[in-house]
Amino acid sequence: MGAYYDEVEIEDMVWDASRKLYHYPCPCGDRFEITRQQLQDCEDIATCPSCSLIIRVIYDPLDFEDDEDDEGEGEDTVSDSSDDEKLVDTMKKLSV
């Protein structure tokens, strides 16, 4: 993949609850977009649907690891071992 247009912190992006994604203005007039699922999967590239520019999103993957639990309706059956497994899976995704 080519060079990033910019690196943007997640705090500088805007959350669109109706489309369930973060967006950031693109110089072409459209918006860079990245979903919570992409962030949860440790993907950090936001794309613009109208041009070829991409940005790198700076964020803490651990902030998004519990998103699967949030989608379930109040399931409190998560054990400590599954938390450890999630951490190991996240670390594997981060290793190069």
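Residues numbered from 1 in each chain as written. Predicted model: local features only at pLDDT ≥ 70, side-chain atom pairs only at ≥ 80, totals over all residues. Heavy atoms only, no water.

An unreviewed UniProt entry lists the chain under the name Diphthamide biosynthesis protein 3, with Lentinula boryana given as the organism. If you open the UniProt record of the chain and go to Pathway (unreviewed entry), you find "Protein modification; peptidyl-diphthamide biosynthesis." Turning to the chain, the UniProt record has this under Sequence similarities (unreviewed entry): "Belongs to the DPH3 family." (UniProt positions renumbered as here; feature names shortened; annotations may be inferred.)

Visitor: In this structure, what is going on with the packing of aromatic side chains? I would like to understand it.
Guide: The geometry of two aromatic rings is summed up by the distance between their centres and the angle between their planes. Overall, the coordinates contain two aromatic pairs when judged by the stated rule. Here the aromatic rings of Tyr5 and Phe32 are separated by 6.2 Å at their centres, their planes lie at 25 degrees, and the arrangement is stacked. On the criterion of sequence distance, the pair formed by Tyr5 in the segment before strand 1 (6-9) and Phe32 in strand 4 (residues 31-35) is long-range, its members being 27 residues apart. What makes Phe32 buried here is its relative accessible area of 0%. Aromatic pair Trp15 and Tyr22: ring centres 4.9 Å apart, planes at 55 degrees, arrangement tilted. The ring of Trp15 carries Arg36 above its face, with NZ or CZ at 5.3 Å from the centroid. (Phe/Tyr/Trp six-rings, centres within 6.5 Å; stacked < 30°, edge-to-face > 60°. Helix = DSSP H or I, 4+ residues; strand = E, 2+ residues; numbered from the N terminus. Buried < 20%, exposed > 50% of the residue type's maximum accessible area, 1.4 Å probe, protein only. Lys NZ or Arg CZ within 6 Å of the ring centre and 35° of its normal.)

Visitor: What's the story with the pattern of salt bridges in this structure? I'm lost.
Guide: Across all of its chains, the model carries three salt bridges by this definition. Among the ionic pairs, Arg56 bridges to Glu7, the shortest N-O distance being 3.6 Å. A residue pair is termed long-range when its members are at least 10 positions apart, and Arg56 in strand 6 (residues 54-58) and Glu7 in strand 1 qualify at 49 residues. You can call Arg56 partly exposed: its relative accessible area is 27%. Judged by its relative accessible area of 46%, Glu7 falls in the partly exposed class. Glu33 is the partner of Arg19 in a salt bridge, and the nearest nitrogen-oxygen pair spans 3.1 Å. Of this pair, Arg19 sits in the loop between strand 2 (14-16) and strand 3 (21-25) while Glu33 sits in strand 4; the two residues are 14 residues apart in sequence, bridging distant segments of the chain. By relative accessible area, Glu33 is classed as buried at 17%. (Salt bridge = Lys/Arg side-chain N within 4 Å of Asp/Glu carboxyl O.)

Visitor: Any chance you could explain the pairing of strand 3 here in plain terms?
Guide: Moving residue by residue along a regular strand, the side chains alternate between the two faces of the sheet. Here three bridges tie strand 2 to strand 3, and the two strands are oriented antiparallel to one another. Paired with Trp15 across the bridge in strand 3 is Tyr22. From the end of strand 2 to the start of strand 3, which pair antiparallel, there are four residues, and Lys20 there has a positive phi angle of about 55 degrees. Pairing of strand 3 with strand 4 involves five bridges; the strand directions are antiparallel. Its bridge partner being in strand 4, His23 is matched across the sheet by Glu33. A loop of five residues connects strand 3 with strand 4, the two strands running antiparallel in sequence, and Gly29 in this loop sits at a positive phi of about 110 degrees. (Pairing = 2+ DSSP bridges.)

Visitor: What exactly am I supposed to notice about the side chain of Asp44 here?
Guide: Within the element layout of this structure, Asp44 appears in the loop between helix 1 (36-40) and strand 5 (45-47). Separated by 2.9 Å, the side chains of Asp44 and Arg56 make a polar contact. Those residues in contact with Asp44 that sit more than four places away from it in its chain are Ile34, Ile55, Arg56, Val57 and Tyr59. (Polar contact = N/O pair within 3.5 Å; in protein donor to acceptor, adjacent residues only side chain to side chain. Contact = heavy atoms within 4.5 Å.)

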